[in-house]
Amino acid sequence: MMGEDGVRLQKVLAQAGVASRRNAELLIEQGRVEVDGAVVTEFGVRVDPEVSVIRVDGERIPPVGTHVYLVLNKPRGVVTTMADPQGRPCIADYVQDRPERLFHIGRLDTDTEGLLLLTNHGEFAHRLTHPSYEVSKTYVAEVEGNVKPAVLRTLLDGIELDDGPAQADTVKVVSSVRGRTLIQISLHEGRNRIVRRMFDAIGHPVKRLTRTAIGPVRRGNLHTGELRPLDPKELGQLLDLVDL
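The following refers to the structure shown. (Residues numbered from 1 in each chain as written. Predicted model: local features only at pLDDT ≥ 70, side-chain atom pairs only at ≥ 80, totals over all residues. Heavy atoms only, no water.)

1. Quick word on unusual backbone geometry
- Phi at arginine 178 is positive, roughly 50 degrees, even though this residue is not glycine.
- Looking at where arginine 178 falls in the secondary structure, it is placed in the loop between strand S14 (170–177) and strand S15 (180–187).
- Exposure remark for arginine 178: the relative accessible area of 77% places this residue in the exposed category.
- Phi is positive for arginine 193, close to 50 degrees, though the residue is something other than glycine.
- Positionally, arginine 193 belongs in the loop between S15 and helix H6 (194–201). (Helix = DSSP H or I, 4+ residues; strand = E, 2+ residues; numbered from the N terminus. Buried < 20%, exposed > 50% of the residue type's maximum accessible area, 1.4 Å probe, protein only.)

Pasting the structure below:
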């Protein structure tokens, strides 16, 4: 959204850490900046950084605002809740020094470790968990037994569970040794314990489960129990995925 009100585009780019104001002017001059789908080549353009969709070289530039977007590498045994009456370890233990009122996006089973997103942006959280926007999630599962290729293919073809069919987007064997198989699986699913139930259905129960990616967000070198902000590229891609 462009108009007389708002913030000058080069200032928004500088605040977002894309470039200095002078270099932002060069980017604009070179026709590398888009606002709401239109290339901008004038320096005086003002935008609303909370509403305008700004791109540099096609890459979404998230606004610098009041919203917070974090990723936690949740340990096993931690309950996905912001408070636990039974006094068990929970997500709140990892964000108690943050001033914002944060909530988790979706959940991980207590006995599952891996990536969990936290935010104070309600609409972002709602869309990220909505079936029409369901973002792909990747897991590494250690399962019982040596899984035959034909059995693994049934996960791609789709299998019937008690609450309807479930289907993996991708699935591959990482390793197989001593009656255990390590499998990487990705799917656009948010149903409760869906990965465990899929492996139960093919006769290879999960012994250990880790979520390693949520859309463009990867675990990388984020250690168990560590928290970090989403980087601008990850956030920009997620905002695009949920049409914000």
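Next comes the rest of the description.
2. Considering the packing of aromatic side chains
- The tally for this structure, following the rule as stated, stands at one aromatic pair.
- Between tyrosine 69 and phenylalanine 124 the ring centres are 4.9 Å apart and the planes differ by 80 degrees, which places this aromatic pair in the edge-to-face class. On the criterion of sequence distance, the pair formed by tyrosine 69 in strand S8 (residues 69–74) and phenylalanine 124 in helix H4 (residues 122–129) is long-range, its members being 55 residues apart.
- We classify phenylalanine 124 as buried; its relative accessible area is 1%. (Phe/Tyr/Trp six-rings, centres within 6.5 Å; stacked < 30°, edge-to-face > 60°.)

3. Quick look at the pairing of S15
- Looking at chain direction, strand S11 (residues 137–144) and S15 are connected through eight bridges and run antiparallel. Within S15, the residue paired with threonine 138 across the bridge is serine 186.
- Where S14 lies against S15, seven bridges are found, and the strand directions are antiparallel. Looking at the pairing, lysine 172 lines up with glutamine 184 of S15.
- The hairpin turn running from S14 into S15, its antiparallel successor, is two residues long, and arginine 178 in that turn takes a positive phi close to 50 degrees. (Pairing = 2+ DSSP bridges.)

4. Brief notes about the environment of arginine 8
- Here arginine 8 is to be found in strand S2 (residues 7–8).
- By relative accessible area, which is 35% here, arginine 8 ends up partly exposed.
- Along the sequence, arginine 8 and glycine 44 sit 36 residues apart, while their C-alpha atoms lie 6.4 Å from each other.
- Excluding residues that lie within four positions of it along the chain, arginine 8 makes contacts with Phe43, Gly44, Val45 and Arg46. (Contact = heavy atoms within 4.5 Å.)

5. Observations concerning the pattern of salt bridges
- Across all of its chains, the model carries 22 salt bridges by this definition.
- Close ionic contact of lysine 233 with glutamate 59 constitutes a salt bridge, the shortest N to O distance being 3.9 Å. With lysine 233 in helix H7 (residues 232–241) and glutamate 59 in strand S7 (residues 59–60), this pair connects stretches of sequence that are 174 residues apart.
- Ionic pairing is found between glutamate 123 and arginine 127, a salt bridge with its closest N-O pair at 2.7 Å. (Salt bridge = Lys/Arg side-chain N within 4 Å of Asp/Glu carboxyl O.)

6. Digging into the nonpolar core
- Membership of the largest hydrophobic core comes to 31 residues, with the highest contact counts inside it found for Leu155, Ile185, Val195, Met198 and Phe199.
- Looking at this core, the elements with two or more residues in it are S8, strand S10 (112–119), S11, helix H5 (149–157), strand S12 (159–161), S15, H6 and strand S16 (206–214).
- Here the element with the most residues in this core is H6; it accounts for four residues.
- Those residues within four positions of methionine 198 in sequence are excluded, and the remaining contacts are Leu155, Ile159, Leu161, Ala166, Gln167, Ala168, Ile185 and Leu187.
- Judged by nonpolar contacts, the second largest core, of 17 residues, contains Tyr69, Ile105, Val135 and Val242. (Core = buried A, V, L, I, M, F, W, Y, C linked by side-chain atoms within 4.5 Å.)

The values are spatial; any link to function lies outside them.
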